[in-house]
Amino acid sequence: MLTDEFDPQKGEMLRIVDEEGEADMGLMPRMSKDLLLKAYRTMLLTRLADDKAVKLQRQGRLGAYPPSKGQEASQVGPAMALKEEDWLVWAFREMGALLWKGVPLETQYLYWMGNELGNVYPEGTRVTPSVVPVGSQVPQAVGIAYAGLIRKEKSVVLAYFGDGATSEGDFHEGLNFAGVFRTPNVFVCQNNQFAISTRRSRQTASATIAQKAIAYGFPGILVDGNDIMAMYAATKEAAERARKGKGPTLIESFTYRMSDHTTSDDWRKYRSKEEVAEWERKDPLKRFSAYLVSKGFLKDEASLIEELGELVEKAAVQAEATPAPGLADVFEHTYAEMPPYLREQMGGGWK
Amino acid sequence: MMMNMVQAINAALSGEMERDPSVVLLGEDVGVDGGVFRVTDGLIDRFGEDRVIDTPLAEAGIAGVAIGMALNGLRPVAEIQFMGFSYLVLNQMINHAARMRNRTRGKLTVPMVLRMPYGAGIKALEHHSESTEALYAQIPGLKVVVPSTPLEAKGLLISSIRDPDPVVFLEPTRSYRMLKEEVPEGEHLVPLGKARTVQEGDDVTIVGWGAMIPLIQRAVADLKGSAEIIDLRTISPMDSHAVVESVKRTGRAVVVHEAPRSFGPGAEIAARIYEGAILKLEAPVERVTAPDITVPLPKGEDRYYVNEKKIKEGVERALRF
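Before going into details, it helps to say that this report is about the structure given with it. On a predicted model such as this, the values are computed, not experimentally measured, just so you know.

Quick notes on the packing of aromatic side chains
Then, in step 1: Taken as a whole, this structure holds 17 aromatic pairs over all chains when the rule is applied.
Then, in step 2: With a centroid separation of 5.7 Å and 90° between ring planes, the pair formed by tyrosine 146 of chain A and phenylalanine 181 of chain A is classed as edge-to-face. Note that tyrosine 146 of chain A is positioned in helix α6 (residues 137–150) and phenylalanine 181 of chain A in helix α7 (residues 169–181), a separation of 35 residues in sequence.
Then, in step 3: Cluster of aromatic residues (ring-pair linked, three or more members): Phe161, Phe171, Phe187, Tyr216 and Phe218 of chain A.
Then, in step 4: Across the ring face of tyrosine 341 of chain A, the terminal group of arginine 272 of chain B is positioned such that the distance to the ring centre comes to 4.5 Å.

Shown next, in the form of structure tokens:
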């Protein structure tokens, strides 16, 4: 078990492919060429789509947006370990994970453009909507998992949150419940080193976030979050543990937010160019691409970029073409049935 | 069968758990102990610890876990031990339970019930006497229900469990064991959002709910003139139609609640009466409420709590105007 081999209390971190693209084959999870290429494609799509979202925001065509740049492996790796019946509970910086789980890019753009229809996912997609109040999705993920147990499902619930969320009471209450009831949860903390401007050292005096799992009575593992192989391997093991009824796991994805917290933020206020440049060297896409090239799997990246670029443009056009909500749209889902006084408030908009 | 409110709520829970395997209970001490007021007594033996869940002591966690359960096909009934501890659940209830339906345009919903004992009048510890129903009633997407009798409690709770929206179910602690009445075994439904006319009358309309209803009944027993008593049952969505129509006939209205006056439900009820019946009014809407102070500890509680005398005076002011 990886969780036995890598002890967060000793600062041991799981890494399979290093910054130069060199792999530790002893730790390498079994992955077909197709799976590898699909993962790379999703990460690259995320990078391009993310860049486009920021541009759209600058042009006033999309609202405040939290960029994913630098966290693509941290997002996609865990999602790859999920099956169709598994749930994905996200926070707000998980575009790549959602793409993997089947939430279309145009839907995600629609949400960031400010339309609730962007929270309507294809039928059967087990993904909850974005959660803005930090950490509050954590106990919900535990409830979803508990319901799965009661309903005798074999599904696993993967929940993402950030390093800032680990300071919230909801993180503690959620993980504590999960430990007590041994729910089939995988908790992925995307430790991108910052909660807006506040460094990880101001969130906790613990040496790692992963080691907090020990206090809740289940395993935790520290993983290089810029290594897609490591993120996939750790999550796959955790998901299998959960599926076998052996309870939850906490995965700390050690990564870095290469861009701003959101488009309303300016990272130069609280960190140096040198620090960011150092992390650009560890870019998860560069690392993965170097590995794939060395294996001879990735040959024509330029045409892949072109193809994905077109997808991104198409998604943006599609999202922008979606009409704004009508009066009835914003009223009629307050309750299953509209109370008479609400109908009065809506006035003539009701059909 | 003659039942008090505790027994009626227990019967509603066990009936629904029997009928629908997706109904689960969770909360602090709800299992082995049967709840601090024994509302869930015996249910763990009948339905097992997977469905009657003794949770860690964590109110926000209870609400958050219940929301997750509801998202994945269960109908959780979560208990908060006292309303004063329910403020910890506001983030979950306001930011998620109330919004999920609208947020996802009806794709994901949260059919859960958050039960809690509420109200003063039992000389309890601090934080055990809250009546802050207006906090919840202001939130679009939440329903707020308060039963006034055992029979009402059974019918309203069953409807709340079956309701497709999140319901905050406030159980007047003072009424838990105050009165027994005949409660049918088996199904008994009282629709949400519909007020009940407790007593018909022509001279004044008195609106109340929960533990105020028996107080109002006693207060007007020897009134000169006839009072119509309306039990609101559901604070939100409010049945303002029933209230306004009654006031149109009587021309006078008194709202009674044990919550503090300012920004209380009485203000909203008064506003709706003015909007709907101003030309029929012969007196300003009278509010009989607690003063805008912190609930005193037991020795001072009588200075706070609404009583028959205060109601009587309020009704007489409305009639005299």
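The rest of the description comes next.
Focus on the sheet that holds strand β1 (residues 13–14) of chain A
Residues and elements named next belong to chain A.
Then, in step 1: Overall, parallel pairing links the 6 strands, which are arranged β1-β7-β8-β4-β3-β2 in an open sheet. Of all strands in the sheet, those with a lone pairing partner are β1 and β2 (87–89), marking the two edges.
Then, in step 2: Sheet analysis places strand β7 (residues 220–224) next to strand β8 (residues 249–254), joined by 5 bridges and oriented parallel. Note that in β8 the partner of aspartate 224 across the bridge is phenylalanine 254.
Then, in step 3: Relative to the sheet, α6 contacts β2, β3 (157–162) and β4 (185–191), its axis offset from that of β3 by approximately 175°.
Then, in step 4: Sitting on the sheet, α7 is in contact with β3, β4 and β8, with an inclination near 150° to β4.

Considerations on the layout of surface pockets
Then, in step 1: Reported here for the largest pocket is a volume of approximately 910 Å³.
Then, in step 2: If you go around the largest pocket, you meet 37 residues; those closest to its centre are Ala137, Gln138, Ile139, Pro140 and Gly141 of chain B.
Then, in step 3: Listed by contribution, the elements that provide at least two residues to the lining of the largest pocket are α14 (340–346) of chain A together with α4 (90–97), α5 (100–103), α6 (133–137), β12 (234–236) and α10 (265–277) of chain B.
Then, in step 4: The element contributing the most residues to the lining of the largest pocket is α10 of chain B, with 4 residues.
Then, in step 5: Of the residues contributing to the lining of the largest pocket, the split by class is 20 nonpolar, 12 polar and 5 charged.
Then, in step 6: Roughly 750 Å³ of internal volume is contained in the second largest pocket.
Then, in step 7: Along the wall of the second largest pocket there are 28 residues; nearest its centre are Pro339, Pro340 and Tyr341 of chain A together with Pro237 and Met238 of chain B.

Rules of the game
Residues numbered from 1 in each chain as written. Chains lettered and ligands numbered in written order. Predicted model: local features only at pLDDT ≥ 70, side-chain atom pairs only at ≥ 80, totals over all residues. Heavy atoms only, no water. Phe/Tyr/Trp six-rings, centres within 6.5 Å; stacked < 30°, edge-to-face > 60°. Helix = DSSP H or I, 4+ residues; strand = E, 2+ residues; numbered from the N terminus. Lys NZ or Arg CZ within 6 Å of the ring centre and 35° of its normal. Pairing = 2+ DSSP bridges. Contact = heavy atoms within 4.5 Å. Axes fitted to C-alpha atoms, helices over the stretch in contact; angles between N-to-C directions. 1 Å grid on protein atoms, 1.4 Å probe; cavity = no way out; pocket = protein on both sides within 12 Å on 5 of 7 lines; lining within 4 Å. Points joined across faces, edges and corners; volume = space filled by probe spheres on them. Nonpolar A, V, L, I, M, F, W, Y, C, P; charged D, E, K, R; others polar.

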